[in-house]
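Spelled out, the chains give:
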Amino acid sequence: MQHEASIREPLILGNKSYHQATEDICRPVEGKANKYWWAAFIISVCTMLWGMGAIAYTIGTGIGTWGLNKTVGWAWDITNFVWWIGIGHAGTLISAILLLFRQKWRLSINRSAEAMTIFAVMCAGLFPIIHMGRPWLGYWVLPLPNQFGSLWVNFNSPLLWDVFAISTYFSVSLVFWYLGLIPDLATIRDRANGLRKKIYSILSFGWKGSAKDWSRYEEVSLILAGLSTPLVLSVHTIVSMDFATSLVPGWHTTIFPPYFVAGAIFSGFAMVLTLMLIARKVLNLEDYITVQHVELMNKIIILTGSIVGIAYITEFFMAWYSQVKYEQYAFINRAFGPYFWAYWAMMTCNVITPQLFWFKKIRTSLTATFIISIFVNIGMWFERFVIIVTSLHRDYLPSSWTMYSPTWVEIGIYLGTIGLFFTLFLLFARVFPVIALSELKTILKPTSAPKKEHHG
Amino acid sequence: MDKKVIKGVFADGDMLKEAVQELNEKGITIRNVYSPFPIHGIDKLLGIKPTRLSIAAFIYGATGTSMALLMMWFMMVSDWPMNIGGKPNFTLLQNLPAFIPITFEITVLFAAHGMVITFLLVSKILPGATAYVSHPRVTDDKLVIEVEMNQSDSHEQAAQIMKLHGAEEVLA
Amino acid sequence: MEKKYWKGLEELRNDAEFVKHKNNEFSELLPLDEIFTTKAENSTSTNRRDFLKFMGFGIAAATLAACETPVKKAIPYVVRPEEVNPGTPNYYASTYADGHDFCSILVKTREGRPIKVDGNDLCSLTKGGTSARVQASVLSLYDSGRLKTPTINGEEAAWAKVDQQITKELSDIAVAGGKVRILSSSIISPSTKAVIAEFVAKYPTTKHVTYDAVSHSAMITANEENFGKAVLPTYAFNKAELLVSVGADFLTNWISPIENSYQYAQKRKLDESKTMSRHIQIESMLSLTGSNADTRIRIAPGDVGATLLALYNKLGGSSSAPSFDAHEEVNKVAAELAAAKGKALLVCGSNDHAHQVLTNVINVLLESYGNTIDLDNPSYIRQGRDAEMTQLVNDMQGGEVKALIMYNTNPAYTLPTSMKFEDAIKKVGLTVSFADRADETASMAKYICPDHHYLESWNDAMPRAGILTLTQPTIAPIFKTRAAQESLLKWAGNDTNYYDYMRNQWRTNTYPTLQGAGTFESFWNQSLQNGIIEMDARPATFYTLQGDLSRHITSIVGNKKSEGIALVIYEKTGLGNGNQANNPWLQELPDPVTKITWDNYLCVSPAMAKEKGLRQGNVVEVKANGQTVKAPVVVQPGLHVNTVALAVGYGRTMAGKVANNIGANAYSMVSLVNGTFQMMAAAEVNKTLDADYALASTQTHHTMMGRALLKESTLAEYKQDARAGNPPVLIPVMEDHKQVGKAPKDVTLWAEHEFPNHHWGMSIDLNSCIGCGSCVVACSAENNVPVVGKDEVMRSREMHWMRIDRYYSSDADANDLKGMETASENPKVAFQPVMCQHCNHAPCETVCPVAATTHSHDGMNQMAYNRCVGTRYCANNCPFKVRRFNWFKYSDNDQFDYNMNDDLGKMVLNPDVVVRSRGVMEKCSLCVQRIQYSKLTAKKEKRKIRDGEINTACAQSCPTKAITFGDYNDKNSKLAASTVDERSYQLLEELDVRPNVLYKTKIRNINPNQA
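Calculation notes
Residues numbered from 1 in each chain as written. Chains lettered and ligands numbered in written order. Predicted model: local features only at pLDDT ≥ 70, side-chain atom pairs only at ≥ 80, totals over all residues. Heavy atoms only, no water. Helix = DSSP H or I, 4+ residues; strand = E, 2+ residues; numbered from the N terminus. Rg over C-alpha atoms; globule rule 2.2 N^0.38 Å. Buried < 20%, exposed > 50% of the residue type's maximum accessible area, 1.4 Å probe, protein only. Contact = heavy atoms within 4.5 Å. Areas by Shrake-Rupley, 256 points an atom, 1.4 Å probe, with all protein chains shown as cover. Lys, Arg positive; Asp, Glu negative; His and termini not counted. Charge placed at Lys NZ, Arg CZ, Asp CG, Glu CD. Patch = residues over 30% accessible without salt bridge, like charges linked within 9 Å, V, L, I, M, F, W, Y side chains within 5 Å. Salt bridge = Lys/Arg side-chain N within 4 Å of Asp/Glu carboxyl O. Axes fitted to C-alpha atoms, helices over the stretch in contact; angles between N-to-C directions. Parallel < 35°, antiparallel > 145°, perpendicular 65-115°, else oblique. Left-handed = near helix turned anticlockwise from the far one by under 90°. Nonpolar A, V, L, I, M, F, W, Y, C, P; charged D, E, K, R; others polar. Pairing = 2+ DSSP bridges. Buried area = accessible area lost by both parts, 1.4 Å probe. Polar contact = N/O pair within 3.5 Å; in protein donor to acceptor, adjacent residues only side chain to side chain. 1 Å grid on protein atoms, 1.4 Å probe; cavity = no way out; pocket = protein on both sides within 12 Å on 5 of 7 lines; lining within 4 Å. Points joined across faces, edges and corners; volume = space filled by probe spheres on them. Phe/Tyr/Trp six-rings, centres within 6.5 Å; stacked < 30°, edge-to-face > 60°. Core = buried A, V, L, I, M, F, W, Y, C linked by side-chain atoms within 4.5 Å.

> What is the right way to read the overall build of chain B from this model?
From N to C terminus, chain B includes five helices and four strands. What you see in chain B, going N to C, is helices and strands ordered as β-α-β-α-α-α-β-α-β. Taken against the 2.2 N^0.38 rule, which gives 16 Å for 172 residues, the C-alpha radius of gyration of chain B at 26 Å runs more than 25% over that of a compact globule. Buried residues in chain B amount to 49% of all 172 residues. A sequence separation of at least 24 residues applies to 76% of the contacts in chain B between residues at least 6 apart. Only carbon and sulfur atoms are counted for the fraction: they give 64% of the accessible area of chain B, which is about 8100 Å². Across chain B, 14 positive and 17 negative side-chain charges occur, with their mean positions spaced 4 Å apart.

Set out below in structure tokens:
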């Protein structure tokens, strides 16, 4: 329990009263959508529909509609999967880990960050299913008793670990997120009337905000945070094991778990920034998501970006140090082989651009941040592409070395998931408060109270 | 003989706490306190026992762990052991390394969901439950103390105390 | 009195209507007949009750029908033929002889349909070996492009009509004394010859002309001139210590490739004696034979004569030999030859009379006759005489030929355009073809009398003096076809069917020559069962030369032209002379050297490519002998600098849906020199402006990148140390603070699973593998591997369960990774068959989430197709990349219009192997169906499985016996023996995935003072 010195610059500007906060944050939910929202929404829905079409075509015709071949069995599908999962991680991280560290500044962003987590994981979860040759039998990865008698799943397979990791991660994040929503939904309920009131009173589970509820509620949130923290780390660790436990040169690396987790946080924060910077404009929440928040997140981006950069270099060092010629070739091939452009795109976006944040000017400039956050998103996509494709396309036997290039179907599916993601996020921004209102009030200094507030 | 409830509506947590303290000293029973956000330390004043949800969570987690291990042992080792990639699956122990990730995930799954469900049940926070709204703005910016007393005795004293401590209004 | 109940008032009233129907079940007639007459249906008379009846019936019917999915075309035997036993295969000994290849075979039939061709071990020529073409021939039986009935001017007709018309026309011609000609490729069937003789007797103006698409006429004429024997000799490659081939591709197409391959490999197998033959190939383009040579010398196609002269001079001859660029190396070869007198053999692929005479001369000087060449038991596999053919075409042009009967030949396609066969045939009145399809030639004939496919017909064959084989039908004729022999007999007025005719031939000619053969019946059945009878060969004798040389030498010197670009026309390993071009298995079989499928292309040497600025896929114009064809370029190391090469067999226009319009027809540019068709020509190559042409290659990277995947060494080193080129693989580990090397299998973490009964495995001798690809086709045939077509191969999605990796050596330094990607100008070539290695620590198994691929108790990595959900994780994690994914539905899909989308083509499918569905992973199963079958037989006979009893399709088809299948647990098995062989190694042993497939180092017999 720490005391907050009054000299520290406030996290929320404009010296808001509780009521103002309520007003500001409920406005997007209660008011009409502006034209930016509609424009964004329509575009997102269209891209989503295109993606759906591409998926239907794939399932109807076969994976052959993609650019894969006998040597490169995974490419965009798993690249996108890992990319989305990675993005998801920032949400949990912000709400869970920063909660444990009592970082108050998280309060302005954790709600939408968690929403982002959930939508990102939904997009991610799509890929393992549709990348199957026979997705309609996807449920076979569950340990179900079946007509074949003792035909169980293979618990040695990292892919199966994924199944459990992703589903646990998704459901727990969902619960965590919704639990946080309940009091705020109650707020909306009490401000609304008619049908809205009915709906929101169902959604708010009859929350009344009594002292006992609050004490239990806080306990639960704390423990959930405690559970989510190792969970979020485990998820990307397990995702990285899909590669680390294989014997493909360039995949078979013990550095992967930490490297992937760092990468995940890295890309996640970038995506949070991208969204927040849009949201604060569109939903005019400038007072709640301030330059200070942006700067703090940028600092985390420098940190994780640098970790990722070091990981890249370490990989190279280990390849050389291991004296395994296959490993060595895999990495030389990454940097100078046919896919060199992907490698250097990754290097520029992930290692070089974040270093610009060392300059306070850039760190605190919203435009610069926005651009760099986009760069990081691109860079992290390329990281996964580089890991997956350049490792596979030239592995052990030169006789089966090939090249890979995507078809419009794969590209369509990828854009489709982006469409899905933004569709969901925009809907979220219209029906749920994008900022954790009740939690936020704990750090507001009410104008009515002359005394300095304690954090009991 | 039924009870009478008067409500003191506050705008700030600290004032409310002071009011509560004084009411306690005067031996006036406080029925409940409602607020749009947690008031730290109020539970002590109201004598709310610390919740045991964390213990519940631990038990759920432990169940998860054992369930996971039991399932995997049954499927891979006992029911239908197969030679998969030459990996040893003769006993649970030999195969354990491969089981760790899923064991962990299922533990978390059980702990998290078990705890949350318990919480919702014990606090009667459920879909469709009708909310008791003590004050229209209790989920916005108003904090409410509900004091309970017999029909007979006057509520002046309680009202006095709450007013004194900055209650914006007192509703009988 | 008993009570009386009335059925109704009618009965009580006893009215007439009632009495009439009283005994019927229904008192009034059901209106069924109206209902079921169309009238009723159309009319609205159907009343409510009827409607309900319909509905009731409809629902009931629908429900019943829905109870189970109807079984498609399951027709049980009404009376089961006693030799057919459902579920168990029957084997029939037979012979594949198409006028190009000869092979004694066993045909595997299931429920009365041939599904697989295996080699016949009883044949001393082929020794149970086969070739890609022989393996694929079973699919040609089910080719939907075949003619279903005889045709007259393209119109379908009845046999009777055809016979009647042809006989009439023939007799008219005979009366008028017009010339009748029978044109055929080499006929090695004595009975067929007899039939033709009988026909000639009937129509005396008839002459039989033999013409081979790829001619060896010059050898025959040369032998006639030198030794008075107009035949091909038989060669003993297994006796030749030193084997020099000047442009003879004897391992794939030259005379009798299967036989040659077997003998060649025998002489190169290594045992305690540690000896093997030395093979020097002197050629212009990189042939499969050349790529197996220990030493390879590149000469310009025009320098064959000069080369022979050079050899001749060094070996004691004297002539004014013109010099040429590879002169020095050839002289060294001559020296080696001289040293190897009596144990050497020179073969020459040229079809130039002078060249072949010179070859004979040199072989005489080398005392090869009687040692490595046998002229006393000649080979009949090629009998074509180019002179006769040219004569025939002239006669046709002159209008002298009145009737032309064509059997198993396609001159309109295989003759050089300069011969103008198309015009010539128009001048012939009566043209009859026995072709099985309306191909380029048959379509121009008035009558097509389709012959049976060889699997439907009776025949015999004499590939070599003293060796007789039988062809027997394995299925009733699918279409209204008729044996060509039978047609000829009919027209000659003899109505006996060919089977009886042939049987009599044997009774009268063959049977008497054999002593102690018992009754004819027993002899006949015996021969039929074995498919072959061999009489003791005459002793091969030494030969001296007849006739003089000078004119040949002058002709060689006169013809020498090594300047400018020369085009070499060659036969591919898959398609050969192109008679089976419409066979998708052959089209999809990658060329062993270029690894390109589904296409014909111009091979260009890297040097020339650089000079002319050509890249792979550029389209060029090739001008030769007045012909111009367009072809895509393939930059092919190993070619002589000024040589370009184009294959025959492509550019078919009327072969069928598969083959039509693939590539250019190289036959059109064959030159006619000194009266023989020669497979080379002076050419002109110009780059065109056409867009680049995409080629489908199964291997896009050609060097080994300095990795020890295909281990090799030289004989000299091997004699020093049996482990030469195969040093033990060691993993550095720390033991009490010291680094020590440990074998991967000793660096392990856990206890092993046991293989109590069997532990199947395979050993592949890289020294024997010549890369011919018959195993690849055999595998496709045995395991229902789908054909995916050019586009899919272009996307690297070929489905072949086994492939043959081909690696070129590179001159680059081991650290220069970029440099190592390019092969050397004249690279050493090596072949490595790769199929699933059935690792005991299979990386693919561990990663499958649904346990669709697991390890069997007898050591096999097995794939449960039905369980597979298709994550492709296993394929990614397979270091050998042998797993194949069903990207699409390959059966019953018109996008893949090959053989699995029509009922006829599907008849070739092996019922023991499931046809995989879309979205599942598949791979080599070590022919598990065969293993299971043998296990069961052994069990029934209450015995253990004998070594060699089980054989995988690939091992069985191999002409060089490079693959050995066996049981590691059987300590006396051949396989167990090869585990201790110093040459044995596992692919990528350092990964410790413990493959069950072993490889044996390739040893090259390189002469230190000869590169």
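Moving on from the coordinates now.
> Just to check I follow, could you spell out a nonpolar patch on the surface for this structure?
Residue and element names in this part refer to chain A. A cluster of nonpolar side chains, namely W50, Y57, W408, I411 and L415, defines an oily patch on the protein surface of about 480 Å² accessible area. Elements that contribute at least two residues to the nonpolar patch include exactly α2 (35-61) and α14 (408-431). Top element by residues in the nonpolar patch is α14. It accounts for three residues.

> Help me understand the packing of helix α14 (residues 353-365) of chain C against helix α21 (residues 550-559) of chain C in this model?
In helix packing, the relevant descriptors are the interaxial angle and the interaxial distance, both defined with respect to the helix axes. Residues and elements named next belong to chain C. Where α14 contacts α21, the two axes come as close as 9 Å, and the packing angle between them is 125 degrees. Accordingly, the angle class assigned to the pair α14 and α21 is oblique. Where α14 crosses over α21, the two elements pack in a sense that is left-handed. Facing α14, whose interface residues are H353, A354, H355, V357 and L358, α21 presents H552, S555 and I556.

> What is the right way to read the interface of chain C and chain A from this model?
Accessible area lost during the coming together of the parts is what is often quoted as the interface size. Listed per partner, the contact involves 56 residues of chain C and 59 residues of chain A. Contributing elements (two or more residues each) for the side of chain C that touches chain A: β34 (803-808), α27 (817-820), α28 (843-847), α29 (873-876) and β38 (884-885) of chain C. Of the residues that constitute the side of chain C that touches chain A, the class distribution is 26 nonpolar, 15 polar and 15 charged.

> Sorry, what's going on with the sheet that holds strand β22 (residues 602-604) of chain C here?
The strands making up a sheet associate through hydrogen bonds between their backbones, and the pairing can be parallel or antiparallel. All names here are of chain C. What the six strands build is a closed barrel, ordered β20-β25-β22-β24-β23-β28; its pairing is mixed. If you compare each strand with its neighbour and ignore which way they point, the axes differ by 45 degrees on average. Bridging between strand β20 (residues 566-570) and strand β25 (residues 643-647) involves five bridges; their strand directions are parallel. When the sheet's bridge partners are listed, L567 is paired in β25 with V644.

> Help me out: how do you make sense of the interface of chain C and chain B in this one?
At the junction of the two partners, chain C supplies 13 residues and chain B supplies nine residues. Where chain C abuts chain B, roughly 1000 Å² becomes buried across the two surfaces, and 65% of that area is made up of carbon and sulfur atoms. Three residues, W750, H753 and T846 of chain C, lead the burial of chain C against chain B; their summed loss comes to 52% of the area buried on that side. Here chain C is connected to chain B by zero salt bridges. For the pair chain C and chain B, the number of links is four residue pairs in polar contact (both at pLDDT 80 or more). Elements with a contribution of two residues or more to the side of chain C that touches chain B: α28 and β36 (853-855) of chain C.

> What is the right way to read empty space enclosed by the protein from this model?
Gaps left between atoms are located by rolling a probe of water-molecule size over the structure's atoms. Residue and element names in this part refer to chain C. Roughly 630 Å³ of volume is contained in the second largest cavity. Contributing to the lining of the second largest cavity are 32 residues, with G247, G349, S350, I569 and M679 lying nearest its centre. Put simply, the parts of the chain that give the lining of the second largest cavity at least two residues each are β10 (278-283), α14, β20 and β27 (676-678). Among the residues forming the lining of the second largest cavity, the class breakdown is 17 nonpolar, 12 polar and three charged.

> What is the right way to look at the pattern of salt bridges in this model?
Counted according to the given criterion, the structure contains 69 salt bridges over all chains. Taking the shortest distance from any N to any O, the salt bridge between K881 of chain C and D395 of chain A comes out at 3.0 Å. In this pair, K881 of chain C is assigned in the loop between α29 and β38 and D395 of chain A in the loop between α13 (366-393) and α14, connecting two distinct chains. Each of the two residues, K881 of chain C as well as D395 of chain A, counts as buried. Of the charged contacts, one joins R137 of chain B and D141 of chain B as a salt bridge, the two residues approaching to 2.5 Å between their closest N and O atoms. Residue classification places R137 of chain B among the partly exposed positions, given a relative accessible area of 32%. One salt-bridge network, held together by shared partners, links R191 of chain A together with R137, D140, D141, K142 and E168 of chain B.

> How should I be thinking about the environment of D451 of chain C in this particular structure?
Residues and elements named next belong to chain C. Mapped onto the secondary structure, D451 falls in the loop between β16 (447-448) and β17 (459-464). A residue is classified by how much of its surface remains accessible, and D451, at 13% relative accessible area, is buried. Between the C-alpha atom of D451 and that of T149, which follows or precedes it by 302 residues, the distance is 9.9 Å.

> I would appreciate a short explanation of the side chain of N90 of chain C in the present structure.
Considering the arrangement of structural elements, one finds N90 of chain C in strand β1 (residues 90-97). Residue classification places N90 of chain C among the buried positions, given a relative accessible area of 16%.

> Would you mind going over the packing of helix α8 (residues 256-282) of chain A against helix α9 (residues 291-322) of chain A with me for this structure?
All names here are of chain A. For the pair α8 and α9, interaxial distance at closest approach is 9 Å and the crossing angle is 150 degrees. Handedness of the α8/α9 crossing: left-handed. Seen from α8, the contacting residues are F256, Y259, A262, G263, I265, F266, F269, A270, V272, L273 and L277; seen from α9, they are V294, M297, N298, I300, I301, T304, G305, I307, V308, A311, Y312 and E315. In terms of residue class, the contact of α8 with α9 is made up of 18 nonpolar, four polar and one charged.

> Quick question: what am I supposed to make of the packing of aromatic side chains here?
Scanning the model with the defined rule gives 80 aromatic pairs over all chains in all. Aromatic pair F155 of chain A and F99 of chain B: ring centres 6.3 Å apart, planes at 85 degrees, arrangement edge-to-face. In this pair, F155 of chain A is assigned in the loop between α4 (110-130) and α5 (158-191) and F99 of chain B in helix α4 (residues 92-122), connecting two distinct chains. Judged by its relative accessible area of 0%, F155 of chain A falls in the buried class. The exposure class assigned to F99 of chain B is buried, which follows from its relative accessible area of 0%.

> Teacher, can you tell me more about the nonpolar core here?
Nonpolar side chains tend toward joint burial in soluble globular proteins. The biggest cluster of nonpolar side chains holds 343 residues, and the ones touching the most others in it are F155 of chain A together with I145 of chain B. Per-element tally for this core: the top contributor is α5 of chain A, with 17 residues. Discounting chain neighbours no more than four positions away, the residues touching F155 of chain A are P143, L160, W161 and F164 of chain A together with M71, M72, M75, M76, A98, F99 and I102 of chain B. With 48 residues, the next largest nonpolar core counts A213, I565, M669 and A681 of chain C among its residues.

> Whenever I open this one, the pairing of strand β33 (residues 760-765) of chain C confuses me. Can you help?
As a general feature of sheets, a regular strand has side chains that alternate between the two faces. Residue and element names in this part refer to chain C. The buried fraction of β33 amounts to six of the six residues, a majority that puts the element mostly inside the structure. Side chains W760, M762 and I764 project from β33 onto one buried face, and the interleaved G761, S763 and D765 project onto a second face that is buried too. Here β33 pairs with strand β40 (residues 963-967) via five bridges, running antiparallel. Note that in β40 the partner of M762 across the bridge is F965. As judged from the four bridges shared by β33 and strand β42 (residues 997-1000), these two strands associate in the parallel manner. Paired with I764 across the strands is Y999, a residue of β42.

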